[in-house]
Amino acid sequence: MTLKVGIIGVGGIARTHMPGWAASEHAEVVAGSDINELALQKWANDHSVQKLYTKAEDILNDPGIDIIDICTPNRYHAPLAIAALRAGKHVICEKPLAPTPAEIRDMIAARDEAGKLLMTAQHFRFKGNSRALKAEIDQGTLGDIYHARSWMLRRAAFLPGPGFVLKQHSGGGATIDIGVHILDLTLWMMGNPKPIAVSGIARTELAHMPGQFSVWSPNPIPPEWDVEEFAAAFVRFENGATLILEVSWLLHHDTQGEDMQMWLYGTRGGSHWPNAIIYSTHYETRQHINQTLQITRDTVEPHALECIEFASAVAEGAPSPVPPEQSLQVLTILDGIYRSQTSGKEVRLDL
Ligand SMILES: NC(=O)c1ccc[n+]([C@@H]2O[C@H](COP(=O)([O-])OP(=O)(O)OC[C@H]3O[C@@H](n4cnc5c(N)ncnc54)[C@H](O)[C@@H]3O)[C@@H](O)[C@H]2O)c1
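Residues numbered from 1 in each chain as written. Predicted model: local features only at pLDDT ≥ 70, side-chain atom pairs only at ≥ 80, totals over all residues.

> Can you help me understand the sheet that holds strand β3 (residues 51-53) in this one?
Strands in a sheet are paired, the pairing made by backbone hydrogen bonds, and the direction either parallel or antiparallel. An order of β3-β2-β1-β4-β5-β6 is seen for the six strands of this open sheet, with the pairing classed as parallel. The open sheet has two edge strands with one neighbour each: β3 and β6 (118-121). Averaged over neighbouring strand pairs, the angle between their axes works out to 25 degrees when direction is ignored. For strand β5 (residues 90-94) and β6, the ladder comprises four bridges, and the chain directions are parallel. Paired with Cys93 across the bridge in β6 is Thr120. The strands touched by helix α1 (residues 12-23) are β1 (3-8), β2 (27-33), β4 (67-70) and β5; relative to β2, the strand with the most contacts, the crossing angle is about 155 degrees. The strands that helix α4 (residues 77-86) touches are β1, β4, β5 and β6; relative to β5, the one it contacts most, it runs at about 170 degrees. (Pairing = 2+ DSSP bridges. Helix = DSSP H or I, 4+ residues; strand = E, 2+ residues; numbered from the N terminus. Axes fitted to C-alpha atoms, helices over the stretch in contact; angles between N-to-C directions. Contact = placed C-beta atoms within 7 Å.)

Written out as structure tokens, the structure is:
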């Protein structure tokens, strides 16, 4: 049986999912929904999709659909996912799963009531270098990981549209837009230890400067921009591990576009991502060893691969490839950064 997929929000990221659904042996896209009728029609023409809905409730009530793929701005993820699960659909949803931990808890409850799968589209987990490093770490190569340093820093690279820079649509700025990528990857590599406290800041310093721009867009920065562009945090975990995180859309940093890195430090070794290098020591010979892992080239683009693997999980009755419980951890930390910014203190995390 081929699973029938309906996409809600047919903008930029939905287009990166299409090759995955096309390549899946288990699924095909049969319907789309968007509040922008012109965009919906263009997308439908490009991909030869017949069933089009300008109201999300109509695609959710279509009995011919098994999987809903949510690609709208962040604020609409939770209401749409909950409605889709209640309508008996499996759901794959773009990152962040939702902007707040409370919404993710509601999504998990709806998933449990429906008995369907819910997955967060964290595509960085599906890259060859991520998988090679994760496999190595899971074998114990690093020993106990007791510290991590992660960052995703951009030099004026962001999408200035309302879905990203207006809180009413996005729920937040760089912290939840890109912090969610590097933090999800870091926690996954660390084995998802339970976070217990965070001290952080989330600020806007450069966005409203005259002449400010994004290298990704000719569009001006909207004056109504009301989200943070920069965040930094120190996180403590229940197992004693710690993490330093830095995130920015707009920073006078030495990068063309984006600098995204993760360093992990354990009792037996350290590692670097994206280079997939393991650092260890041979004490008998006083040698420091830097081993670059063998990486299978990404033959399928990771945004596509996440859709292929979600369809396989649904078809085979396997667990969600990216469990929402792990996204709850991520958003609890990111929400803690906002709370710590407000209070000026380290905040305890309630998980
Ligand atoms: N994984 C990644 O690499 C990645 C990259 C970019 C964006 N994203 C995520 O994808 C989501 C969408 O981002 P995008 O870049 O595609 O934005 P976009 O603005 O290009 O597309 C969003 C689409 O959703 C539609 N829309 C808005 N509200 C809607 C609603 N209530 N119901 C139905 N349709 C609605 C818009 O008309 C638009 O066509 C965001 O959550 C973003 O965080 C992920």
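> Explain the pairing of β1 here, please?
The side chains of a regular strand alternate between the sheet's two faces. In this sheet, β2 lies alongside β1 in parallel orientation, the contact comprising six bridges. Within β2, the position partnered with Ile8 by the bridge is Ser33. In this view, the connection linking β1 to its parallel neighbour β2 by way of α1 has right-handed handedness. The pairing of β1 with β4 spans four bridges and is parallel. Of the residues in β4, the one forming a bridge with Ile7 is Asp69. (Right-handed = clockwise from strand over helix to strand, strands pointing away.)

> Can you help me understand the sheet that holds strand β9 (residues 230-237) in this one?
Taken in spatial order, the nine strands make up an open sheet running β14-β13-β12-β11-β7-β10-β9-β8-β15, and their pairing is mixed. Looking at the sheet topology across the chains shown, the edges are occupied by β14 (287-292) and β15 (347-348). Sheet topology note: the strand β11 (residues 258-266)/strand β12 (residues 270-273) ladder contains four bridges and is antiparallel. Paired with Leu264 across the bridge in β12 is Ser271. Along the sheet, helix α10 (residues 179-190) makes contact with β7 (145-154), β9, β10 (242-248) and β11, crossing β7 at roughly 160 degrees.

> Any chance you could explain the environment of Thr16 here in plain terms?
For Thr16, the location among the structural elements is in helix α1. In this structure, the C-alpha to C-alpha distance between Thr16 and Glu301, residues 285 residues apart in sequence, is 8.6 Å.

> Please explain the site of the ligand as it appears in this structure.
With respect to spatial proximity, 25 residues lie near the ligand, and among them Gly9, Gly11, Gly12, Ile13 and Glu94 are the closest. Taken together, the residues that form the shell around the ligand break down as 11 nonpolar, 10 polar and four charged. Of the residues that make up the shell around the ligand, three or more belong to each of domain 1 (3-123 + 301-319) and domain 2 (125-300 + 331-348). (Near = placed C-beta within 6 Å. Nonpolar A, V, L, I, M, F, W, Y, C, P; charged D, E, K, R; others polar. Domains from an automatic or database assignment.)

> Please clarify how the nonpolar core should be interpreted in this entry.
In summary, soluble globular proteins display a tendency toward joint burial of nonpolar side chains. One finds Ala81 and Val91 to be the most contacted residues of the largest nonpolar core, which totals 98 residues. Residues from two domains meet in this core; each of domain 1 (3-123 + 301-319) and domain 2 (125-300 + 331-348) gives at least three. The residues touching Ala81, leaving out its near neighbours within four places in the chain, are Ile70, Val91, Cys93, Met107 and Leu118. (Core = buried A, V, L, I, M, F, W, Y, C linked by C-beta atoms within 7 Å. Buried ≥ 20, exposed ≤ 12 C-beta atoms within 10 Å, placed from the backbone.)

> Help me out: how do you make sense of the domain arrangement of the protein in this one?
It is common to give the size of an interface as the accessible area that goes away when the parts come together. The domain boundaries assigned to the protein delineate domain 1 (3-123 + 301-319) and domain 2 (125-300 + 331-348). For domain 1 and domain 2, the distance between their C-alpha centroids amounts to 26 Å. Listed by partner, the interface residues are 20 residues for domain 1 and 18 residues for domain 2. Elements supplying a minimum of two residues to the side of domain 1 that touches domain 2: α5 (101-114) and α11 (302-316). Examining the composition of the side of domain 1 that touches domain 2, we find that five residues originate from one element, α11, more than from any other. In terms of residue class, the side of domain 1 that touches domain 2 is made up of 12 nonpolar, four polar and four charged.

> Honestly, the packing of helix α6 (residues 128-138) against α10 in this entry has me stumped. Any pointers?
At a closest axis distance of 9 Å, the pairing of α6 and α10 adopts a crossing angle of 30 degrees. It follows that α6 is roughly parallel to α10 by the angle criterion. Contacts from Ser130, Leu133, Lys134 and Ile137 in α6 reach Leu185, Trp188 and Met189 in α10. Class assignment of the residues belonging to the contact of α6 with α10 gives a composition of five nonpolar, one polar and one charged. (Parallel < 35°, antiparallel > 145°, perpendicular 65-115°, else oblique.)

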